[in-house]
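Report on the structure
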Amino acid sequence: MSDAPKNDVRLIWSRYYSAFIPAGPSGPGFVDRLKAASGAIGGIAVTGLLCGLMLGNGLAHPLLVAPMGASAVLLFAVPASPLAQPWPVLGGNVISALVGIFVAKAVPDPTFAAALAVGAAIAIMSLLRCLHPPGGAVALSAALGVKGVASSYLFALVPVGVNTLLLLVVAVLFHRIAGHNYPHVAPKAPAPHGTADPAPLLRAGPSAQDVADAVQGYGDALDVDQADLRQLLADAELRAAERLHGAVPCAQIMARDVIHVPASQPMEQVRALMLARDLLSLPVLDDAGRVQGIIGALDLGREGERAGDIARRALLVHADTPVARLIGPLSSGARRAAIVVDADHRLQGLVTQTDLLASLALRASAAPAPADPGRESR
């Protein structure tokens, strides 16, 4: 019996399996997920207790609406999501509550009212740029409970608005303590020289418009900020370069006859040496011969009597460090060279931006050209 039918069945099963049971989410590790769970516990507990005290229900009778649990998942587990930012959370929940109450009062049939409330809430949240998934549950709860606790538009303020606001306050405090970026703002790579230009790696990679066009052409909505996506693409490209060029160690391209000075060298002599030898980077060694720092051309204007006074912290690597690991730090604009040291931090060599550029250019020129499909078909 041929294995082809079995392989077809396995392929079909694999596709359906991956569609219905996707792989676990990447990113935060187990400890971070425990922190998110603890944050959600604290957020819901504090919200319920404070609402109970504020509204006179007492600690034993917290006034909470069920969709707050869904909001807590977003706020504490995926705080970088555009759907978990303060305006979508607060605006989405309150507006959805108002929509649910209005629809329920206007439409007598509860089933149709519930469906219409959820659809209208999604539409209005999208128009107001405050799409928040739990908002659908808030609208549904308001539409079905219009004759009970949700009989008045005040329901959108108390408990929905109060619940949401308290939960947001707890989330902001929690993420501040945990060191997270919330409300989330996409981190900006440091621009060289304090200019408005993006970092070199971002300039070399997809532009903001490229990312926007790609997201638009993708078709399905993505729950990720485009600025974050651009940073991720740049990082992925850098990792791909490290993987492709990782076979070349620093020892293969480093300069070995490296001019250096002791930390006690007077700055007058250091300046004269760098100008005479046309040096952009000068390693500085301590009394024991270990690398203490590095002096760049721009450091010559700093105040100090000796080399050790103005030496900056150096980027230290080892002889077996892959050259591609230097692409990021040496293209950031903040560093011009990396010092190669041994296990005792003694000077072995120097890799400059010029060395890195020459290595990558030579490997790119030596790479095989892509096959011509037309030639193969002839």
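Sequence order as written defines residue numbering, which begins from 1 separately in each chain. Where local features are concerned, this predicted model is filtered to residues with pLDDT of at least 70; where side-chain atom pairs are given and counted, the filter is 80 or more; whole-chain, interface and lining totals use all residues. Note: side-chain values were computed over all heavy atoms of the structure, leaving out hydrogens and water.

A word on the packing of aromatic side chains
Here the aromatic set is Phe, Tyr and Trp, taking the six-membered ring for Trp, and pairing holds for ring centres within 6.5 Å; pairs whose planes are under 30 degrees apart are stacked, those over 60 apart are edge-to-face, and all others are tilted. Under the defined criterion, the tally for this structure stands at one aromatic pair. Judged by centre distance (5.5 Å) and plane angle (70°), the rings of Phe76 and Phe174 are edge-to-face. Remark: Phe174 occurs in helix α7 (residues 157-178) and Phe76 occurs in helix α3 (residues 67-77); sequence separation between them is 98 residues. You can call Phe76 buried: its relative accessible area is 3%. Working definition: helices are DSSP H or I runs of at least four residues, strands are E runs of at least two. Numbering for both runs from the N terminus. With a 1.4 Å probe rolled over the protein chains alone, any residue whose accessible area is under 20% of its type maximum counts as buried; one over 50% counts as exposed, and the rest are partly exposed.

Thoughts on the environment of Leu275
Mapped onto the elements of the fold, Leu275 is located in helix α12 (residues 267-277). Relative accessible area serves as the criterion here: at 68%, Leu275 is assigned to the exposed category. Sequence separation between Leu275 and Ala297 is 22 residues, and the spatial gap between their C-alpha atoms is 9.0 Å.

Notes on the sheet that holds strand β4 (residues 316-317)
An order of β4-β5-β6 is seen for the three strands of this open sheet, with the pairing classed as mixed. Each of the sheet's edge strands pairs with one partner strand only, and the pair in question is β4 and β6 (347-352). By definition, two strands form a pair when at least two bridges between them are found by DSSP. Across five bridges, strand β5 (residues 337-341) lies against β6 in antiparallel orientation. Each bridged residue has a counterpart across the sheet, and for Ile339 the counterpart in β6 is Leu350.

As for the environment of Phe155
Relative to the helices and strands, Phe155 resides in the loop between α6 (134-144) and α7. Here the alpha-carbon distance between Phe155 and Val94, two residues 61 residues apart in the chain, equals 9.0 Å.

Some points on the sheet that holds strand β2 (residues 281-285)
Pairing is mixed in the open sheet, where three strands are placed in the order β1-β2-β3. The open sheet has two free edges, formed respectively by β1 (261-262) and β3 (291-296), since each of these has just one partner strand. Note: β1 against β2, two bridges, orientation parallel. Across the sheet, Val261 pairs through a bridge with Val284, a residue of β2. Note on definitions: a residue-residue contact is assigned when non-hydrogen atoms from the two residues lie within 4.5 Å. Under this scheme, a helix contributes an axis fitted over its contacting stretch, all axes are lines through C-alpha atoms, and angles between N-to-C directions fall in the 0 to 180 degree range. Contacts from α12 reach β1, β2 and β3, with the element oriented near 145° to β2.

Some details on the confidence of the model for the chain
Caution applies to low-pLDDT parts of the model: their predicted coordinates are not meant to be read in detail. Overall, the prediction assigns the chain a mean pLDDT of 82, with 78% of residues at 70 or greater. Per-residue confidence from the predictor is given as pLDDT, running between 0 and 100. Under a pLDDT of 50 for its full length, residues 373-378 has, in the predicted model, two contacts with residues more than four places off or in other chains.

Considerations on a nonpolar patch on the surface
Every patch collects residues that have over 30% relative accessible area and no salt bridge, joining them within 9 Å if they carry like charges and within 5 Å if they are nonpolar side chains (Val, Leu, Ile, Met, Phe, Trp, Tyr). Accessibility throughout is a Shrake-Rupley quantity obtained with a 1.4 Å probe, and a residue counts as covered only by protein chains that appear here. Whenever a carboxyl oxygen of Asp or Glu lies within 4 Å of a side-chain nitrogen of Lys or Arg, that contact is scored as a salt bridge. Together, Val46, Leu50, Leu53 and Met54 line one region of the surface with nonpolar side chains, adding up to about 360 Å² of accessible area. With respect to the secondary-structure elements, Val46 resides in helix α2 (residues 30-54).

Looking at the nonpolar core
Here, nonpolar core refers to any group of buried Ala, Val, Leu, Ile, Met, Phe, Trp, Tyr and Cys residues whose side-chain atoms link them within 4.5 Å. Counting 20 residues, the largest nonpolar core has Leu75, Phe76, Ala97, Phe155, Val160 and Leu167 as its most contacted members. Those elements giving two or more residues to this core turn out to be α3, α4 (86-106), α6 and α7. Among the elements that take part in this core, α7 stands out by supplying six residues, more than any other. When neighbours within four sequence positions are excluded, Phe76 is seen to be in contact with Ala36, Gly39, Ala40, Gly43, Leu167, Val170, Ala171, Phe174 and His175. With 15 residues, the next largest nonpolar core counts Val248, Ile253, Val323 and Leu330 among its residues.

Focus on the pairing of β3
With five of six residues buried, β3 is to be regarded as a mostly interior element. Across five bridges, the pairing between β2 and β3 is antiparallel. Looking at β3, one finds that Leu282 is bridged to Ile295. The antiparallel pairing of β2 with β3 creates a hairpin that spans five residues between the two strands, and Gly289 there sits at a positive phi of about 85°.

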